Amino acid sequence: MSFFQTLTISKNSDQDKKQALWKYEISDEDLDRLISTLKYGKIYNIDPKDVCLYYAVWWKRKYNGGIPSKQEIFESIGGNLKYNLTKEEFFKLAKIGARQLGVKWIKKQNTLYFKTLLLQGGLPLKHIAENKGVYKVFLEAVLEEQPESIEDFIFKNHIIDLLPKSSQNDTIYENCFEIVRSILNDDGAYDSLFESEESLKEISTALKIKRKSLVKKKRQSKPKNYWLLSFKNDTPKITLRLGFADSYSKEALSDILRFEPTDRNYQFFMDDNLICVFRKMANGKYKTDWYSNQNEERDVLEGIPYTYVVGNELKTELPEFIQTIPNLDEPSLWSRFNDNEWRLVKGYTVSNKDAAILYPNTWKCFLPATNISIYDKILSWVSFEGEVEIQSENEENTYISGVDSFDWIIESKRPSWMLKSNLTVTQGLPKILLYDDSGYDINNSRFTTFIKRHNSKEQWESLSRIKNISKGCYDLKIEKDGVIAHDTFFNIGNLKARFLEQTIDTAVVDFTNNDFYEMKLSETDLVEIEQTENRYSLKVNKEKLKIPSIIKGSFGLSNKKKLFFDMRSPFQGMAITDSDGGIIDENQPLSLANLYGLRILSTPKRETLLKLKNSLKPDVKITKEIKDSTQPLIAYKDEIVRLLYLADVMNHENTVTLELSEGSYRRTYRISGFSHTLDVSNQLEYRVDVFNSSDKLELYAVALNCNSEKITPISLTKIESGYEIPTSIESNELIVFSSKIDGKQLMPRFVRTTEFYSGIDKAERIEKYHTNLSSAGFSDEIWKEVLSYFKICIDFDIPFSTFDQLRAISRSSNVASRAFLYLGINHHDPNEYIQNVIPEMEKDLGFCFHWISKIDWGNAIEEVNELTGNNYYNHILELLSSYLSLNGQTKLFKFISGAKIETNSISQRDILDLRQQLGERVLKELPYHSPKINSTYSVQIEQHKAVKVLLRSPIAVAESINNIENENPIWGGDDFRDVIRRNIQYSQYLKPDFYNSIILHVLNRN
């Protein structure tokens, strides 16, 4: 028995209950036993949960300053461990243990595994206790900022400098941010931890007293992204960090995007890679859901990243989102971020005392410098405090640290054909915006701006006195309260690009208004280019089978600083390409895992249609018009997932057919839900393998037909011939699945380790579970099984339909209502439950919770309220209210609550408008089968048979809500009834407002 198992038994704790690891009370004797268990362990006999727990305990009990590392944690155990495992193997075990315990990973641009493991320990009690006074002052200062993300305070030196140097690191900042947010929200999340140490009670008390005196701080949001130069492992590298908050108000998101958000979701892309999605929550705020798991290191020679958002299929570019990029050909100023990372600062001054300059060797400094190699360039690096000068043959720059500074934006006017550039582009005089340390706009009357030609001996000229400027590169000087900042921009004037010919492998581009400036487009091994004056003929090398996503170019005068840019690919034609421009063959297998980086190309001035349907159940079709010449395929992930759920997700033949069409020309692809499938040919020998793949996945097994206490994911051991199933699992019938790593994931599969199979027909089994759920109480075993499997699905991101117990909850209004509330009160995050979990469950299981009858909602609320001892009544109602609000059904909540609702009737005009909005193409593709209804409720269905499914579906839902008996209800039934339910869901997806209007129309007539 592992240490973690003995710990939960001795503490009488439920090891499957999802809670932060710091909440487990571990004595000094417990810690000694844990270390003793790990000291002599080997990779095959160490419980991963023990390793995960040690990471958390190390942070809580042993950390005492400095940047924490895997090596330090690994070496702190001692014994024979270093001979039996490597630090990376130990770290991998910790991650496996975290997944088994249902730990939710912190996600930003990357999944922050190491930081998550540490912060499971809560507060570094030893370190805080030994620096109590410092932390008290620091936390009070952070509390005054009322931060919404760590970026709101980590660049404010008067705050950060309150910490000892050894504590100035990302993990400490994140930890303190969580403490302060808990205090501001008054949720008591860390109260017990502060109370556990006598010396820390004073900090908690002081913070709570200070909170009461705070006045709500209004903050103007602006993009918080920054470049970091890291010297970790003695290898310099530059990364881009995006400082998005966990959530934004509508006003704050408007500040970030620079337009007013009106849609429910906005996908944020950087260089055609989906980074995150801003999803509107029931409270009106937008939640940030991170998607990207890509390495954040970036080649700065590629220019400023291209950023945009997609909302309601409309693409909006964000040219000012990332304003600057390290220029390795010129000196740049950097501010210390932590012990081995520095942040790029615009201009010549910085408020931080510790600063440094990175500069080419054509410049000289009187201070001793270090040579570093980065991107195949040898540069000089000098750190300083105060003031320092560097000189080149023609210039002299002075940099000052420890003084007031400000941030600014040069408004970009980059034309649509230019995706990226090394400098900010203007088309005439620049517009300058200044921000103070709190992110507020500074009125232009409080600063002055000057420009001159780049590196010229001209006099600075006030921007306010200039009417127009010629093309070329300019230096900008900004003066405010005695502080001077410098920047550079490039004016292209009225330079135009016309695409005269565009096919999949040839293009002709004509540039006008060059004004004797040299335009150059660069040939590569993919593209040949011929130039005739200002006209360029481009031809793809067909042997390479690749379409370049960009064409690199430059614009400027010889011997002057030029603008280097990426031109949007001029090659247009119907195809799907990968991130390298390779054309995807129609027979190439695609999965949700490898959609990242794929782009849909279309032909200009031709209607390019994207048609999606399930290969096994093609009745429901989703058609989209590709409006942009290139579109990331990942933008349609939600639609693809929706269609995959129409058929059994555990059927390897279940795929989505993707058809691109332009007139009669078509290309067809197939997309599966999982990247890998399981080979069970040796299951009777307790061995399985990943089919036809050398990828190493983390495989797990969970027992079926067993007591709920035994329902826990068990890690499978990788051996030479596959994966070994532990013989200790107390069931011969299992589900084997994997965690999702870099998008790769195994399709869950049923496995049995004996010839004897005790199972019954699937439909009969699901109906049996449903009957048991109907008659059982929440304390009975069947509901505990449902909760256990539900948690596994969430923790490992596998379909809910993997387990028949969860499929059974969709069979009736009664069971569905009880499941919604029971699972909701047992989920750790109500917002996530409503925002993500419920919509995914509805798509997967093929029903919607808003179909539940008013009577069943009332009974379920009463039952769950009794279960919780009347302590969560408001929370229960809030779950239901938030869910319906998210679906635009606030009036439905009033109806369920017993209030009278008023709504407009559905008229002939409403239906005619619906048909016109859909268009002929969509009308022809509507599913044929629709639900049976008892009455039309004066909705003119017979006159509009073309949209019959869109009219009958919400009527059937309203009858279900009203508990009107029907010989063919929308609940339960056979496979055909499942088709009906999916068609009802499609009706809501296609026109949600119209769907809701008919529901209210019917309810108002009863």
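Here is what the cut-offs are and how they apply
Residues numbered from 1 in each chain as written. Predicted model: local features only at pLDDT ≥ 70, side-chain atom pairs only at ≥ 80, totals over all residues. Heavy atoms only, no water. Helix = DSSP H or I, 4+ residues; strand = E, 2+ residues; numbered from the N terminus. Rg over C-alpha atoms; globule rule 2.2 N^0.38 Å. Buried < 20%, exposed > 50% of the residue type's maximum accessible area, 1.4 Å probe, protein only. Contact = heavy atoms within 4.5 Å. Areas by Shrake-Rupley, 256 points an atom, 1.4 Å probe, with all protein chains shown as cover. Lys, Arg positive; Asp, Glu negative; His and termini not counted. Charge placed at Lys NZ, Arg CZ, Asp CG, Glu CD. Pairing = 2+ DSSP bridges. Phe/Tyr/Trp six-rings, centres within 6.5 Å; stacked < 30°, edge-to-face > 60°. Lys NZ or Arg CZ within 6 Å of the ring centre and 35° of its normal. Core = buried A, V, L, I, M, F, W, Y, C linked by side-chain atoms within 4.5 Å. Salt bridge = Lys/Arg side-chain N within 4 Å of Asp/Glu carboxyl O. Polar contact = N/O pair within 3.5 Å; in protein donor to acceptor, adjacent residues only side chain to side chain. Axes fitted to C-alpha atoms, helices over the stretch in contact; angles between N-to-C directions. Parallel < 35°, antiparallel > 145°, perpendicular 65-115°, else oblique. Nonpolar A, V, L, I, M, F, W, Y, C, P; charged D, E, K, R; others polar.

Trainee: How would you explain the overall build of the protein chain if you had to name every residue and give the values?
Mentor: Along the backbone of the protein chain there are 27 helices and 51 strands. Computed over its C-alpha atoms, the radius of gyration of the protein chain comes to 31 Å, within 12% of the 30 Å expected for a compact globule of 1006 residues. Overall size of the protein chain, expressed as C-alpha extent along the three principal axes, is 90 × 75 × 60 Å. Residues counted as buried form 54% of the 1006 residues belonging to the protein chain. For the protein chain, the share of sequence-separated contacts (at least 6 apart) that also reach a separation of at least 24 residues comes to 66%. Here the protein chain has roughly 44400 Å² of accessible surface; of this, 44% comes from carbon and sulfur atoms. The positive charge centre, built from 130 side chains, and the negative charge centre, built from 141, are 3 Å apart in the protein chain.

Trainee: Describe the sheet that holds strand β26 (residues 461–462), listing the residues and the values that go with them.
Mentor: Read across the open sheet, the 5 strands follow the order β22-β28-β27-β25-β26; overall the sheet is mixed. Only two strands of the sheet have a single neighbouring strand rather than two, namely β22 (424–426) and β26.

Trainee: With reference to specific residues and values, describe the sheet that holds strand β15 (residues 364–365).
Mentor: The 4 strands lie next to each other as β13-β19-β18-β15, forming an open sheet whose pairing is mixed. Each edge of the sheet is formed by a strand with only one pairing partner; in this case those strands are β13 (349–350) and β15. As judged from the 2 bridges shared by β15 and strand β18 (residues 387–391), these two strands associate in the antiparallel manner. In the strand pairing of β18, C365 is matched with I390.

Trainee: Can you tell me about the environment of Y173, naming the residues and giving the values?
Mentor: Mapped onto the fold, Y173 is located in helix α11 (residues 170–185). For Y173, a relative accessible area of 1% puts it in the buried group. The spacing of Y173 and K315 is 142 residues in sequence and 35 Å in space, taken between C-alpha atoms.

Trainee: I'd like a rundown of the packing of aromatic side chains, residues and numbers included.
Mentor: For the coordinates displayed, the defined rule picks out 53 aromatic pairs. One aromatic cluster is present, formed by F790, F800, F820, Y833, F847, F849, W851, W857, Y883 and W971 through successive ring pairs. Its guanidinium or amino end placed over the ring of F155, R343 lies 4.0 Å from that ring's centre, counting from NZ or CZ. In this structure, K477 is placed above the aromatic ring of F450, and the distance from its NZ or CZ to the ring centre is 5.2 Å.

Trainee: Could you give an account of the nonpolar core, with specific residues and numbers?
Mentor: Within the largest apolar cluster, 146 residues are counted, with the highest numbers of intra-cluster contacts made by L699 and F820. In terms of residues, this core owes the most to one element, helix α17 (residues 781–796), which gives 9 residues. When neighbours within four sequence positions are excluded, F820 is seen to be in contact with Y833, I834, I838, F849, W857, L879, L880 and Y883. Residues W22, L119, L123 and Y190 belong to the second largest nonpolar core, which totals 71 residues.

Trainee: Got a sec to walk through the pattern of salt bridges? Specific residues and values, please.
Mentor: The final tally for this structure, using the stated rule, is 59 salt bridges. One salt bridge connects E140 with K136, and the closest N-O pair in it is separated by 3.5 Å. Pair noted here: E140 and K136 are both in helix α9 (residues 132–145), with a separation of 4 residues, about one helical turn. For E140, a relative accessible area of 18% gives the class buried. Here R241 and D170 are joined by a salt bridge, their closest N and O atoms 2.5 Å apart. In this pair, R241 sits in strand β4 (residues 237–242) while D170 sits in helix α11, placing the two residues 71 residues apart along the sequence. For the pair formed by R241 and D170, the shared burial category is buried.

Trainee: Outline the side chain of D47, supporting the account with residue identities and numerical values.
Mentor: You can see D47 is positioned in the loop between α2 (28–39) and α3 (48–62). Side chain to side chain, D47 and S2 meet in a polar contact 2.6 Å long. At 3.0 Å, the side chain of D47 forms a polar contact with the backbone nitrogen of K49. What D47 contacts, discounting residues up to four positions off in sequence, is S2 and Q100.

Trainee: An account of the packing of helix α25 (residues 948–961) against helix α26 (residues 975–990) is needed here, citing residue identities and associated values.
Mentor: The geometry of α25 relative to α26 is characterised by a closest axis approach of 9 Å and an angle of 110 degrees between their N-to-C directions. As summarised for this structure, α25 and α26 are arranged roughly perpendicular, according to the angle between their axes. Along its contact with α25, which presents V949, L950, S953 and V957, the element α26 presents N983, I984, S987 and L990. Of the residues assigned to the contact of α25 with α26, the class counts are 5 nonpolar, 3 polar and no charged.

Trainee: Give a detailed account of the environment of R241, specifying residues and quantitative values.
Mentor: Residue classification places R241 among the buried positions, given a relative accessible area of 14%. For the pair R241 and K224, spaced 17 residues apart in the sequence, the C-alpha separation amounts to 8.5 Å. Ignoring anything within four residues of it in the chain, the contact list for R241 reads Q109, I150, E151, D170, K224, N225, Y226, L228 and F337. In terms of polar contacts, R241 uses its side chain to reach the side chain of D170, at 2.5 Å.

Trainee: Summarise the pairing of strand β10 (residues 314–317); cite the residues concerned and give the values.
Mentor: Pairing of strand β9 (residues 307–311) with β10 involves 4 bridges; the strand directions are antiparallel. In the sheet register, V310 faces β10, and the bridge partner there is K315.

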